[in-house]
Amino acid sequence: MYQNKLNLMPNDILEKDFKIDTRGYRLKEVDQYLDLIIQDYETLIEIIKKQEKEKDELTDEVLRLKQQLRDANINVQIAKETQKDTASFSNLDILKRLSNLEKTIYGKDSDNQ
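Things to note about the overall build of the chain
Piece 1. Counting secondary structure elements, the chain contains 2 helices and 2 strands.
Piece 2. Secondary structure elements in the chain, listed N-terminal to C-terminal, are α-β-β-α.
Piece 3. Looking at the chain as a whole, 8% of its 113 residues qualify as buried.
Piece 4. When the accessible surface of the chain is split by element, carbon and sulfur atoms take 55% of a total near 10,500 Å².

A look at the side chain of E29
Piece 1. Within the secondary structure layout, E29 lies in helix α2 (residues 27-112).
Piece 2. Given the relative accessible area of 18%, E29 is considered buried.
Piece 3. Beyond its immediate sequence surroundings of up to four residues, E29 is in contact with K16, D17, F18 and K19.

Digging into the side chain of D40
Piece 1. As for its position among the elements, D40 is in helix α2.
Piece 2. You can call D40 buried: its relative accessible area is 6%.

Quick notes on a nonpolar patch on the surface
Piece 1. On the surface, a nonpolar cluster with roughly 340 Å² of combined accessible area is contributed by L101, I105 and Y106.
Piece 2. Examined against the element boundaries, Y106 turns out to sit in helix α2.

Thoughts on the environment of T43
Piece 1. Within the secondary structure layout, T43 lies in helix α2.
Piece 2. For the pair formed by T43 and L6, sequence separation is 37 residues and the distance between their alpha carbons is 7.2 Å.
Piece 3. Excluding its chain neighbours within four sequence positions, the residues that come into contact with T43 are K5 and L6.
Piece 4. A distance of 2.8 Å separates a polar side-chain atom of T43 from the backbone oxygen of Q39.

Some points on the pattern of salt bridges
Piece 1. Applying the stated criterion across every chain, the model contains 2 salt bridges.
Piece 2. Note that E46 is salt-bridged to K50, the shortest N-O span being 3.7 Å. Linking E46 with K50, this pair stays in helix α2, spanning 4 residues, or about one helical turn.
Piece 3. With relative accessibility at 47%, the residue E46 sits in the partly exposed group.
Piece 4. Note that K55 and D56 form a salt bridge whose closest N and O atoms lie 3.8 Å from each other.

Notes on the confidence of the model for the chain
Piece 1. Considering every residue of the chain, the mean pLDDT works out to 82; 88% of them sit at 70 or more.
Piece 2. Taking the mean pLDDT of every element in the chain, the minimum, 75, falls on strand β1 (residues 20-21) and the maximum, 84, on α2.

Analysis parameters
- Residues numbered from 1 in each chain as written.
- Predicted model: local features only at pLDDT ≥ 70, side-chain atom pairs only at ≥ 80, totals over all residues.
- Heavy atoms only, no water.
- Helix = DSSP H or I, 4+ residues; strand = E, 2+ residues; numbered from the N terminus.
- Buried < 20%, exposed > 50% of the residue type's maximum accessible area, 1.4 Å probe, protein only.
- Areas by Shrake-Rupley, 256 points an atom, 1.4 Å probe, with all protein chains shown as cover.
- Contact = heavy atoms within 4.5 Å.
- Patch = residues over 30% accessible without salt bridge, like charges linked within 9 Å, V, L, I, M, F, W, Y side chains within 5 Å.
- Salt bridge = Lys/Arg side-chain N within 4 Å of Asp/Glu carboxyl O.
- Polar contact = N/O pair within 3.5 Å; in protein donor to acceptor, adjacent residues only side chain to side chain.
- pLDDT = per-residue confidence, 0-100.

Structure, rendered in C-alpha coordinates:
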(Lines give C-alpha, C1' and ligand atoms only; values in the text may rest on other atoms or scores of the structure.)
Protein backbone atom coordinates (compact mmCIF):
# COMPACT_ATOMS: atom_id res chain seq x y z
CA MET A 1 0.00 0.00 0.00
CA TYR A 2 2.76 2.42 0.90
CA GLN A 3 5.33 0.88 -1.43
CA ASN A 4 4.57 3.55 -4.05
CA LYS A 5 5.90 6.19 -1.65
CA LEU A 6 9.15 4.35 -0.91
CA ASN A 7 12.22 4.71 -3.10
CA LEU A 8 13.90 1.52 -1.94
CA MET A 9 12.89 -1.94 -0.91
CA PRO A 10 14.99 -3.98 1.52
CA ASN A 11 16.31 -6.14 -1.31
CA ASP A 12 17.44 -3.03 -3.22
CA ILE A 13 19.52 -1.95 -0.24
CA LEU A 14 20.97 -5.41 0.21
CA GLU A 15 22.03 -5.81 -3.42
CA LYS A 16 23.39 -2.28 -3.94
CA ASP A 17 26.98 -2.28 -5.29
CA PHE A 18 28.97 0.95 -5.18
CA LYS A 19 31.66 1.58 -7.77
CA ILE A 20 35.15 1.82 -6.38
CA ASP A 21 37.46 4.73 -7.20
CA THR A 22 41.17 4.85 -6.57
CA ARG A 23 40.46 6.15 -3.06
CA GLY A 24 37.44 3.95 -2.33
CA TYR A 25 33.74 4.26 -3.08
CA ARG A 26 32.48 7.30 -4.94
CA LEU A 27 31.36 9.62 -2.18
CA LYS A 28 28.71 11.35 -4.27
CA GLU A 29 27.08 8.03 -5.17
CA VAL A 30 27.11 6.84 -1.56
CA ASP A 31 25.67 10.17 -0.37
CA GLN A 32 22.85 10.03 -2.93
CA TYR A 33 22.04 6.48 -1.94
CA LEU A 34 22.04 7.35 1.74
CA ASP A 35 19.75 10.30 0.99
CA LEU A 36 17.24 7.86 -0.54
CA ILE A 37 17.46 5.67 2.56
CA ILE A 38 16.89 8.69 4.78
CA GLN A 39 13.84 9.71 2.74
CA ASP A 40 12.44 6.21 3.08
CA TYR A 41 12.95 6.22 6.83
CA GLU A 42 11.25 9.60 7.12
CA THR A 43 8.35 8.32 5.03
CA LEU A 44 8.06 5.19 7.17
CA ILE A 45 8.11 7.22 10.36
CA GLU A 46 5.38 9.46 8.97
CA ILE A 47 3.31 6.43 7.96
CA ILE A 48 3.73 4.85 11.38
CA LYS A 49 2.65 8.06 13.13
CA LYS A 50 -0.46 8.32 10.93
CA GLN A 51 -1.31 4.67 11.54
CA GLU A 52 -0.89 5.06 15.30
CA LYS A 53 -3.08 8.16 15.31
CA GLU A 54 -5.76 6.37 13.28
CA LYS A 55 -5.53 3.34 15.57
CA ASP A 56 -5.96 5.55 18.64
CA GLU A 57 -8.96 7.29 17.09
CA LEU A 58 -10.55 3.97 16.17
CA THR A 59 -9.87 2.57 19.63
CA ASP A 60 -11.55 5.60 21.19
CA GLU A 61 -14.52 5.20 18.85
CA VAL A 62 -14.83 1.49 19.70
CA LEU A 63 -14.80 2.29 23.42
CA ARG A 64 -17.40 5.03 22.92
CA LEU A 65 -19.64 2.70 20.89
CA LYS A 66 -19.29 -0.09 23.46
CA GLN A 67 -20.39 2.34 26.18
CA GLN A 68 -23.35 3.43 24.07
CA LEU A 69 -24.28 -0.23 23.55
CA ARG A 70 -24.08 -0.88 27.31
CA ASP A 71 -26.24 2.18 27.97
CA ALA A 72 -28.77 1.08 25.35
CA ASN A 73 -28.93 -2.43 26.85
CA ILE A 74 -29.50 -0.94 30.30
CA ASN A 75 -32.25 1.31 28.92
CA VAL A 76 -33.90 -1.70 27.24
CA GLN A 77 -33.82 -3.65 30.51
CA ILE A 78 -35.28 -0.70 32.40
CA ALA A 79 -38.00 -0.33 29.77
CA LYS A 80 -38.85 -4.04 29.99
CA GLU A 81 -39.03 -3.91 33.79
CA THR A 82 -41.14 -0.76 33.66
CA GLN A 83 -43.46 -2.38 31.14
CA LYS A 84 -43.83 -5.45 33.38
CA ASP A 85 -44.47 -3.27 36.40
CA THR A 86 -46.98 -1.16 34.47
CA ALA A 87 -48.74 -4.26 33.20
CA SER A 88 -48.97 -5.73 36.70
CA PHE A 89 -50.22 -2.43 38.10
CA SER A 90 -52.78 -2.11 35.38
CA ASN A 91 -53.93 -5.71 35.93
CA LEU A 92 -54.13 -5.09 39.65
CA ASP A 93 -56.01 -1.88 39.04
CA ILE A 94 -58.47 -3.66 36.74
CA LEU A 95 -59.04 -6.40 39.34
CA LYS A 96 -59.74 -3.80 42.03
CA ARG A 97 -62.21 -1.98 39.80
CA LEU A 98 -63.90 -5.25 38.88
CA SER A 99 -64.13 -6.18 42.53
CA ASN A 100 -65.65 -2.80 43.37
CA LEU A 101 -68.16 -3.20 40.54
CA GLU A 102 -69.11 -6.69 41.74
CA LYS A 103 -69.56 -5.39 45.28
CA THR A 104 -71.67 -2.57 43.99
CA ILE A 105 -73.81 -4.75 41.74
CA TYR A 106 -74.13 -7.84 43.90
CA GLY A 107 -74.18 -5.87 47.11
CA LYS A 108 -77.27 -3.97 45.92
CA ASP A 109 -78.83 -7.19 44.60
CA SER A 110 -78.34 -8.94 47.91
CA ASP A 111 -79.84 -5.94 49.74
CA ASN A 112 -82.90 -5.99 47.45
CA GLN A 113 -83.58 -9.70 47.95
